Amino acid sequence: MSLIPKAELHLHIEGTLEPELAFALAERNGVELPYAGTEDLRKAYLFSDLQSFLDLYYGLMAVLHTANDFTDLAEAYLARAAAQGVRHAEIFFDPQAHTARGVPIGTVVEGLAHALDRSEERHGISTQLIMCFLRDQSAESAMETLDAAKPYLHHIAGVGLDSAEVGHPPSKFREVYAAAESLGLRKVAHAGEEGPPAYIREALDVLGVERIDHGLRAMEDPELVERLAREQVPLTLCPLSNVRLRAVDTLEDHPLRAMMDAGLLVTVNSDDPSYFGGYVGDTFHAVREALALGQEQLRELARNSFRAAFLDHDEPRRERYLAAVESYDFDRD
Ligand SMILES: Nc1ncnc2[nH]cnc12
Ligand SMILES: [Zn+2]
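Residues numbered from 1 in each chain as written. Chains lettered and ligands numbered in written order. Predicted model: local features only at pLDDT ≥ 70, side-chain atom pairs only at ≥ 80, totals over all residues. Heavy atoms only, no water.

As annotated in an unreviewed UniProt entry, the protein is Adenosine deaminase from Streptomyces pratisoli.

## Observations concerning the site of ligand 1
Looking at ligand 1, the residues that line it are His 12, Leu 50, Phe 53, Leu 54, Tyr 57, Asp 162, Ser 163, His 190, Glu 193, His 214, Asp 271 and Asp 272. Within the side chain of His 12, a nitrogen or oxygen atom sits 3.4 Å from a nitrogen atom of ligand 1. The contact in question runs from a nitrogen atom of ligand 1 to an N or O atom on the side chain of Asp 271, over 2.7 Å. The protein chains hide 100% of the 260 Å² of surface that ligand 1 would expose on its own. Top element by residues in the shell around ligand 1 is helix 3 (residues 50–60). It accounts for 4 residues. Looking at the shell around ligand 1 residue by residue, the classes come out as 4 nonpolar, 4 polar and 4 charged. (Near = heavy atom within 4 Å. Polar contact = N/O pair within 3.5 Å; in protein donor to acceptor, adjacent residues only side chain to side chain. Areas by Shrake-Rupley, 256 points an atom, 1.4 Å probe, with all protein chains shown as cover. Helix = DSSP H or I, 4+ residues; strand = E, 2+ residues; numbered from the N terminus. Nonpolar A, V, L, I, M, F, W, Y, C, P; charged D, E, K, R; others polar.)

## Comments concerning helix 8 (residues 139–149)
For helix 8, the set of buried residues is Ser 141, Ala 142, Thr 145, Leu 146 and Ala 149. Seen end-on, helix 8 carries its buried residues on one side only, within an arc spanning 145°. Exposed and oriented more than 90 degrees from the buried face of helix 8 are Glu 140 and Glu 144. Lining the buried residues of helix 8 we find helix 5 (95–99), helix 6 (105–117), strand 3 (126–134), strand 4 (158–162) and helix 9 (174–182). (Buried < 20%, exposed > 50% of the residue type's maximum accessible area, 1.4 Å probe, protein only. Arc of directions from axis to C-beta. Contact = heavy atoms within 4.5 Å.)

## Some thoughts on the coordination of the zinc ion (ligand 2)
Taken together, the protein ligands of the zinc ion (ligand 2) are His 10 (NE2), His 12 (NE2), His 190 (NE2) and Asp 271 (OD), with distances of 2.0 to 2.3 Å. Relative to the metal, the 4 donor atoms surrounding the zinc ion (ligand 2) lie at angles of 83 to 174°, and the coordination shape comes out irregular. The sequence motif formed by the donor residues of the zinc ion (ligand 2) is H-x1-H-x177-H-x80-D. Taken as a pair, His 190 in strand 5 (residues 186–191) and Asp 271 in the loop between strand 8 (265–268) and helix 14 (273–276) lie far apart in primary sequence, 81 residues in all. (Donors = N, O, S within 2.8 Å, 3.2 Å for Na, K, Ca; no water. Tetrahedral: all angles 85-135°; square planar, octahedral: opposite > 155°, others 65-115°.)

Quick look at the structure:
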């Protein structure tokens, strides 16, 4: 594991649901899970693509009901993240995956916010919350979700776009992103995970996003790479996720190093760490080993994470975090 101070910018809170917590919540809420136990559940974590993961990921959310459940989920993540060197976390959640099951958005946001509000004091991690629209649902549903979130916007920094990518281009969400912008929300979107480079361009040009989540397939389009490098558009890569969801064959084949060499502003993140075999400190360590990255490259990844973070409202904090990256002693790893 690498303890270098870092920001985590691509993390789905529902993807931190560990089997042990899932079973504890199932018992608390009287939910029957279709697995004999935690080991049986873990055995199901063999994915062939994004959709095969999403089916399990949405299914397991059945155990999340009360605000307290969401607090416990976020609290467990923050404790683990702190132990992995995370100093700042911008956390995704999927409101439609809960409202569709009858759990109101207020229950979700207030439950998460309860943990996030005490995160700095308990774990030394500053936090922000990013609400994602499910791109395989309709644009109308996304707009209804934004409307439903209005009483809770003091807890929400931005909007994102996730779920099954292919066939659901960013342009489908033009109006809801415009509405989010007029509410003062920051904008990011998953693009180029399984979808083509054209989706990355659309996310930038049609939605006006400030960061691209994944952006892996940008490497197929040299002109796009040149633009992303010139504009220093942050890409929140998730290498362990890409291996588990078969976007790349092995970690050794991951283009992270090539992307850094091309001058891209890349960050390394865990995506859904409970499902993909590691939290972000584990991910730093894994890419270091697989791609033979040096200390200066790890420092660059950590520096990039704070440069790409939504910390504009508190530049002195960003400077403190960056100073901690520069002075980090790798003997601690
Ligand atoms: N890697 C991923 N891609 C798209 N949607 C997601 N939701 C949770 N993880 C995701
Ligand atoms: Zn993701």
